[in-house]
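Notes for the structure review
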Amino acid sequence: MERKSNMRGTKSVRPGSGTFVRGAARLFAVLVAALLVASARTGVPEAGEAKKAPAKEKDAPGGEPKKETPKKETPKKDAPPRPEGGKEAPKGEDAKKTDEAEKLLAEKEKKRGPSFPGIDPAFLVLPRRGERPNTAAQILTPQVREMTEKALDYLAKTQGPDGGWGDMQFKPTNTGVTALACLAFMAEGSRPRVGRFGKAVDRGLEFILKNVKKGSGIIAGAGSNELGPMYEHALSTLALLMASGDMPWKSELHEVLGNAVDSIKKSQKLDGGWRYAMTNQGDSDMSVTANVLWVLRTAKKCGFTVPKDAVEKGVKYVEKCALPDGTFRYRYWGLHASPSLGGTGIIALCNDGSLDHPLIGPARDRIAYDYQRYTIEDLKARRYFVYGAFYASLGMYSCGDEYFVPWFRKAVAVLATMQRKDGEFFDEYDNTVYPTAMAAMILQVPLGYLPIYER
Amino acid sequence: MKPTLLAGQGIAFFLLILAAALALFYAWVYRQEARQARRLAPWQRATMQTLRIIVAVMAVIALGRPAVTLVRHETRLPVVPIVVDESVSMGFADSRDNPIVQANPPDRRRRYDTAQSVAETLQKKLSLTHRVKIFAFSDGTRLLKEIPMRERESDPAMGREEMFQGAPNPTGEYSNVGDAINDVLRDLAGDRISGMVLLSDGRQTGGIPIKEAGAAAADARVPVHAVAFGTEYPLRDLRIDEVIADPEASLGDVLRFRLKIHNQISSPLDTKLTLLEEGQQVNERKLKLNRGDNMVEIATIPETEGTREFKLKLPVYEDEVDKENNEATVHVKIVKRTLRVLLIAGNPSREFLYLVPALLRDPVVDLSCFLQSADIDYVQQGNTTIERLPRSVEDWKKFDVVILFDPDPNRITTQQVAEMETMVRTGGGLMVISGRNHGLAKLIQVHAVKVRELLPVEIDKNALPDHFQYFERPFTSERTAVGRGHAVMRLDRDDKTNDAVWATFPKLYWAHPVMGVKSQARVLLQKGDGPGKGECLMAIHRYYEGAVFYSGIDCLWFWRYPSESYDYDRFWTNVIRYLGETRLKGTQQQVALSTDRHSYSPGEEVKITLRFLDPALMAQLEGQQILATVTGAQGERQIVPLRPDPKGEMFCAGSYRARRVGSMVVQARQAAPGGSSEAKPLFDVKTAFQVKMQSLEFRDTSGDLDAMRELASQTGGKYFDYRNMGEIEELAAAIPPDPQVLSKESQVEVWDGTTFFLLFLILIGAEWSLRKLWGLL
């Protein structure tokens, strides 16, 4: 979403055609990364600087980050079930009467762990719950609801006359930002032409469809990132995939999506990943690759053929970017890890078919640790905090309530300090729409209405 | 002494006439003797007249039979009969809360032992002031012992062994309490009864009613002091009355055991239930049991194929009347089987994205997805991947349940729809979920006949989806009365929690329009408000041997809040198992056959009830004759017609008169109306009961404390039970020692004696002698 520099803070390098150009680009990138490391030491605390963190929460553990394990916050067993809208289910005895058979199955499945059934599976199947959880109702507090309402209202107000949304850096309207806004409304439960924000979703998706480039299948309009439209394309594809079963009046939708998936496949680079430019030339980056892998698996769920090897190569690229301490580098040859990439790492690795990938545990623990250790101000001061939190929400949600709930509470606490009067969230470039859309999705995770959040 | 006339008042008139006659006679005599009498001196005449008058008066008096009454008084001690129940129910253990029981050694804690202690205590006190008689009763009453009176407290009292020498143990087959009271009252009719002490558990099994006997005692002014043994609860016992488990279960799936546990230990009782498979503990559950019957469930996941022995055990408690009924054994055949589910979806809607993982999570479901809009070379999802839709009846029959999720009618042939209908007709399940993409109208337009037949609802074939309409007005969904009780809609075992869960589901925005519901279909969910309030959202009906479920909602994922996939998954699990039950278990399990008891005496009526768990099944069998067959141990059979409940409850009932002793099996087997084969029933359920000779004494082991209390109240006596039996000595003090005073009257006839006779003779003789002397003769 950034015009002049990419989101991980390293200067983007346009792919050259020759070896010399690629080598020079790499050298340049290394130098930029080194400079950034130096700047990070005087600014926002990065993951590798945990010891030097300027402020710590009172209960935060000290010492090396990777040795720390986050506190597990498990829901109280006897907590009142299912409060919602002032209603409370019967307490005490009733709460204990959970079907024992369900518990048994849950225990058995828990032992088995997540599964990915089928010949070419798209659906990640997590073990069923043994007891009726009430964490969603617990964490969806009135404050969270109010924040969400304000954020959604802001998005509704900022929709352009063409149905799209733009942002400070993505003017006048941008398919990627529009896709995120549509997804935020879908997370509320709206569908195209159905629900509170049915009209807004419908108009937003119409805008995205109007920006499909004939021939290439790329979904990106005028306000796209000048480095390349992959973010816009991937997010637009994702939004359309999420709505593809609910837009029967768009007979061309399947073809559009098919072409969009094909263009992604064609853009896979030789190193296995993807980047801004939609060509197979040049190097990849971890952030775009993770996004694309996520879209590809969603496409597979929705009936589009996605070659296995494309996904495998992409996942291998992500593996190369991973560091043993649970962090990910923006590019595999990078020197330093970026704290915002933890969530993208998890969702990228999940797309290979399992939650027991050896790199997921450390990544999950790292995110949990960071959110536990750093203060609200520290987290808020991070670059692209909302962006990073959005991907972290996807990853942490898949890892279960014991990780997600404490993470969510802290994330909400940070977001609460970031929301402005009109309901919008912002980033350091004063973009307000895409951060608001991402924040709205984070805040609505407990509703469980958006299938990009998997359990 | 009291004078009286024995001849009675009626003779007075006769005596007057006689006196008049005598006066006339004497007047005539004097007239005859007038001349001779003139020579007599006046005193002589006066003497003669006096004598004659006296004799006449005496004669008249004699005729009146004068007598005197003599009264004699005698003082005797009052009687206290202690009437002891010697029926076998008195052999049951007495209440542990009874202080007398606590004082007895552990081997003497029967009700009868307590009664003996009470009798001994009472007689020790009463034998100083009363005549104490010990009676024992069961089907008759007999005098056991008359307790000799003691002058002083220091005199040795009779011991209980001696007292109960004639009845050391309770062996009577009946408890005729009323008869016993009457018998004792009759036996002691001549005695003053200060009070009757009745020692019994009050559980009457024959004879005249206790109330009637109480009334007789009240009339006789005999207070009956009731001392009740046992408690108002049956004997301490924890038993497994019934274990309900499927005879066959799937390997790797949940095997549930539903137990009926009868708790007579305490209320509540914290205990644990252990489940063992082939001797190995596989589950344990902590229970909190109320007094009486409790339904409990325990489950396991069998991991080994074959016929397995499962033992369900409850701990054994002290003083339990039966320590062998705390465990039960069942044998279940574990087989490897799954429910093959085919999901045919037109488009990858959001519901589809949530539904597929929900079905994949179910361990019994073997899912095959067929997404019609998918790429040609797309590898379809599911546990078992298919490349195309089934193309023959045999192919369709490989699936147990088919889900048609807003299918594109042009991508499924009429032949395939017909084959699918055959699959459902022969026991398969079908779920039809309507959606906004294609709608059911289009499906009916293309595949009119079969789809119309299959659907439980009527759809307007011209009402094609209006894709340009916005749906922004939410509506609530509410369960119908049928839906509230239906297994499919049960998201929690507890009714209250289930209602609370349903109350939390958010409002919806879109539902497929429905024209009506077929007569044999049952609506489970409907619109709760807004336009089209009451319109069907979900309905079911039985289709020959199979079943069809209709859902007019394509966004059940709204139910994912607030419990994520928990309730959502459970709903789908319920639906799939309901639809696939016939295939999974051979027959429908939506019926439960039961008898009102498990054991009967010959001649008793056995009530057989066939309860329908599925209203759609009940509707399907409307107008059909439902029969149960009772088969005895010798193979003799009797058909019992089961008739629908007149109040419309979901059961059919019939009765059978138990005749022969032995085990009897009841079977209800029903073919589907218009079903393919009699050999493949719609349901086939069995239950068993015992007919045996059994003492009425064992039927209810609780004491009838209310009857005893009422008897005491009715007759003005005192009442004691385990709560206050420690104060039993107060009873002895409360029985009045007033002696019995006997008065005897005797009558002596005054005229009928020697004195009277001699006086009469002397006077007659004197008169005659004086007449002779004075020359009147």
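What this report covers is the structure whose coordinates are included nearby.

Parameters and conventions
- Residues numbered from 1 in each chain as written.
- Chains lettered and ligands numbered in written order.
- Predicted model: local features only at pLDDT ≥ 70, side-chain atom pairs only at ≥ 80, totals over all residues.
- Heavy atoms only, no water.
- Helix = DSSP H or I, 4+ residues; strand = E, 2+ residues; numbered from the N terminus.
- Buried < 20%, exposed > 50% of the residue type's maximum accessible area, 1.4 Å probe, protein only.
- Areas by Shrake-Rupley, 256 points an atom, 1.4 Å probe, with all protein chains shown as cover.
- Contact = heavy atoms within 4.5 Å.
- Buried area = accessible area lost by both parts, 1.4 Å probe.
- Salt bridge = Lys/Arg side-chain N within 4 Å of Asp/Glu carboxyl O.
- Pairing = 2+ DSSP bridges.
- Axes fitted to C-alpha atoms, helices over the stretch in contact; angles between N-to-C directions.
- Patch = residues over 30% accessible without salt bridge, like charges linked within 9 Å, V, L, I, M, F, W, Y side chains within 5 Å.
- Left-handed = near helix turned anticlockwise from the far one by under 90°.
- Nonpolar A, V, L, I, M, F, W, Y, C, P; charged D, E, K, R; others polar.
- Expected span 1.5 Å × (residues − 1).
- Core = buried A, V, L, I, M, F, W, Y, C linked by side-chain atoms within 4.5 Å.
- Arc of directions from axis to C-beta.
- Phe/Tyr/Trp six-rings, centres within 6.5 Å; stacked < 30°, edge-to-face > 60°.
- Lys NZ or Arg CZ within 6 Å of the ring centre and 35° of its normal.

The subject of this paragraph is the overall build of chain A. Looking only at helices and strands, chain A features 17 helices and two strands. Here chain A, with 455 residues, has 65% of them falling under the buried criterion. Summed over its atoms, the accessible surface of chain A is roughly 16,700 Å², and 54% of this surface lies on carbon and sulfur atoms.

Moving on, we come to the overall build of chain B. Secondary structure assignment for chain B yields 20 helices and 35 strands. In chain B, which comprises 777 residues, the proportion classed as buried is 53%. Contacts in chain B between residues far apart in sequence, at least 24 positions, make up 73% of those at least 6 positions apart. Surface accessibility of chain B: about 34,400 Å² in total, with carbon and sulfur atoms responsible for 51%.

Let us look at the environment of Leu235 of chain A. Residues and elements named next belong to chain A. Mapping Leu235 onto the fold places it in helix α8 (residues 230-243). Owing to a relative accessible area of 2%, Leu235 belongs among the buried residues under this scheme. Separated by 55 residues in the primary sequence, Leu235 and Leu180 have C-alpha atoms spaced 6.9 Å apart.

Turning next to the interface of chain B and chain A. At the junction of the two partners, chain B supplies 71 residues and chain A supplies 71 residues. The contact between chain B and chain A buries some 6,500 Å² in all, and 52% of this surface belongs to carbon and sulfur atoms. Of all residues in chain B, Arg350, Arg361 and Tyr561 of chain B give up the largest surface area on contact with chain A, accounting jointly for 13% of the area buried on that side. One can count four salt bridges joining chain B with chain A.

Now for the sheet that holds strand β8 (residues 238-244) of chain B. Residues and elements named next belong to chain B. With antiparallel pairing, three strands are arranged side by side in an open sheet as β8-β10-β13. Two strands lie at the open edges of the sheet, namely β8 and β13 (292-300), each paired on one side alone. On average, adjacent strands in this sheet sit at an angle of 30° to one another, irrespective of strand direction. Here strand β10 (residues 255-263) pairs with β13 via nine bridges, running antiparallel. Its bridge partner lying in β13, Arg256 is registered against Ala299.

Next up on the list: the sheet that holds strand β19 (residues 429-433) of chain B. All names here are of chain B. Strands sit in the order β17-β16-β18-β19-β25-β24-β23-β21 across an open sheet of eight strands; the sheet is mixed. Each edge of the open sheet carries a strand with a single partner, namely β17 (365-371) and β21 (477-479). Taken over all neighbouring pairs, the strand axes of this sheet differ in orientation by 15° on average, direction set aside. Both strand β23 (residues 522-527) and strand β24 (residues 536-543) contribute to a ladder of four bridges, which runs antiparallel. Paired with Arg522 across the strands is Ile540, a residue of β24.

This part takes up a nonpolar patch on the surface. Where nonpolar side chains cluster on the molecular surface, the patch consists of Phe757, Leu758, Leu761 and Ile762 of chain B and spans about 390 Å² of accessible area. As for its placement among the helices and strands, Ile762 of chain B is situated in helix α20 (residues 754-773).

Let us now look at the packing of helix α16 (residues 401-418) of chain A against helix α17 (residues 433-443) of chain A. All names here are of chain A. The geometry of α16 relative to α17 is characterised by a closest axis approach of 11 Å and an angle of 145° between their N-to-C directions. Judged by the sense of rotation from one axis to the other, the crossing of α16 with α17 is left-handed. Here α16 contributes Trp407, Phe408, Val412 and Leu415 to the contact with α17, which in turn contributes Ala439, Ile442 and Leu443. Among the residues making up the contact of α16 with α17, the classes are represented as seven nonpolar, no polar and no charged.

This next bit is on helix α7 (residues 198-210) of chain A. All names here are of chain A. Look at α7: 18 Å from first C-alpha to last across 13 residues, which is about the 18 Å you get at 1.5 Å a residue. Taken across its 13 residues, α7 has 10 buried, putting it largely inside the fold. Close packing links the buried residues of α7 with α6 (175-188), α8 and α9 (253-266).

Once that is clear, we can look at the nonpolar core. Counting residues in hydrophobic clusters, the biggest one holds 188 residues, and the most contacted among them are Trp407 of chain A together with Phe571 of chain B. Not counting chain neighbours up to four residues away, the residues in contact with Trp407 of chain A comprise Ile367, Tyr371, Ala389, Ala392, Ser393, Met396 and Ile442 of chain A. By size, the runner-up hydrophobic cluster in this structure holds 31 residues, among which are Ile444, Leu455, Val514 and Tyr543 of chain B.

Right, let's get into α20 of chain B. In an α-helix, one turn spans 3.6 residues, which is why side chains three or four residues apart end up on the same side. Residue and element names in this part refer to chain B. In this model α20 runs 27 Å from its N-terminal to its C-terminal C-alpha over 20 residues, within 8% of the 28 Å that 1.5 Å per residue would give. All of the buried residues along α20 are Phe756, Leu763, Glu767, Leu770 and Arg771. What you see down the axis of α20 is that its buried residues fit within an arc of 105°, all on one side. Opposite the packed face of α20, turned more than 90 degrees from it, sit the exposed residues Thr754, Thr755, Ile762, Lys772 and Leu773. Gly775 sits one or two residues past α20 and shows a positive phi near 70°.

Right, let's talk about unusual backbone geometry for a bit. At the junction of Lys171 of chain A and Pro172 of chain A, the peptide bond is cis and its omega measures out at -10° in the coordinates. With respect to the helices and strands, Pro172 of chain A occurs in the loop between α5 (142-158) and α6. Ser267 of chain B connects to Pro268 of chain B through a cis peptide bond whose omega is -5°. For Glu278 of chain B, which is not glycine, the phi torsion reads 50° and is therefore positive. Its location among the elements puts Glu278 of chain B in the loop between β11 (269-277) and β12 (280-289). On the basis of relative accessible area, Glu278 of chain B is assigned to the partly exposed category, the value being 39%. Of note, the phi angle at Asp406 of chain B is positive, near 40°, even though the residue is not glycine. The residue Asp406 of chain B is located in the loop between β18 (401-405) and α11 (414-425) in this model.

Turning our eyes to something else, we now look at the pairing of strand β33 (residues 683-691) of chain B. All names here are of chain B. Burial along β33 is one-sided: the face carrying Phe683, Val685, Thr687, Phe689 and Val691 is buried and the face carrying Asp684, Lys686, Ala688 and Gln690 is not. Here strand β27 (residues 599-600) pairs with β33 via two bridges, running parallel. Across the sheet, the residue bridging to Ser599 is Gln690, located in β33. When strand β32 (residues 662-670) meets β33, the two strands line up antiparallel, connected through nine bridges. Across the sheet, the residue bridging to Ser663 is Gln690, located in β33.

This brings us to the packing of aromatic side chains. For the structure shown, the criterion picks out 37 aromatic pairs over all chains. On the numbers, 5.4 Å between centres and 70° between planes, the contact of Tyr231 of chain A with Tyr276 of chain A is edge-to-face. Taken together, the positions of Tyr231 of chain A in helix α8 and Tyr276 of chain A in the loop between α9 and α10 (286-301) put the pair 45 residues apart, joining distant regions of the chain. For Tyr231 of chain A, a relative accessible area of 2% translates into the label buried. Judged by relative accessible area, which is 2%, Tyr276 of chain A ranks as buried. Ring plane angle 80° and centroid distance 5.4 Å describe the contact between Tyr600 of chain B and Phe689 of chain B, whose orientation is recorded as edge-to-face. You can see Tyr600 of chain B sitting in strand β27 and its partner Phe689 of chain B sitting in strand β33, a full 89 residues away along the chain. For Phe689 of chain B, a relative accessible area of 2% gives the class buried. Taken together, the ring pairs connect Tyr354, Trp502, Phe505, Phe549, Trp559, Tyr568, Phe571 and Trp572 of chain B into an aromatic cluster. A cation over a ring is seen here: Arg373 of chain A above Tyr374 of chain A, with NZ or CZ 5.8 Å from the ring centre. Against the face of Trp557 of chain B rests Arg350 of chain B, its NZ or CZ located 4.4 Å from the ring centre.

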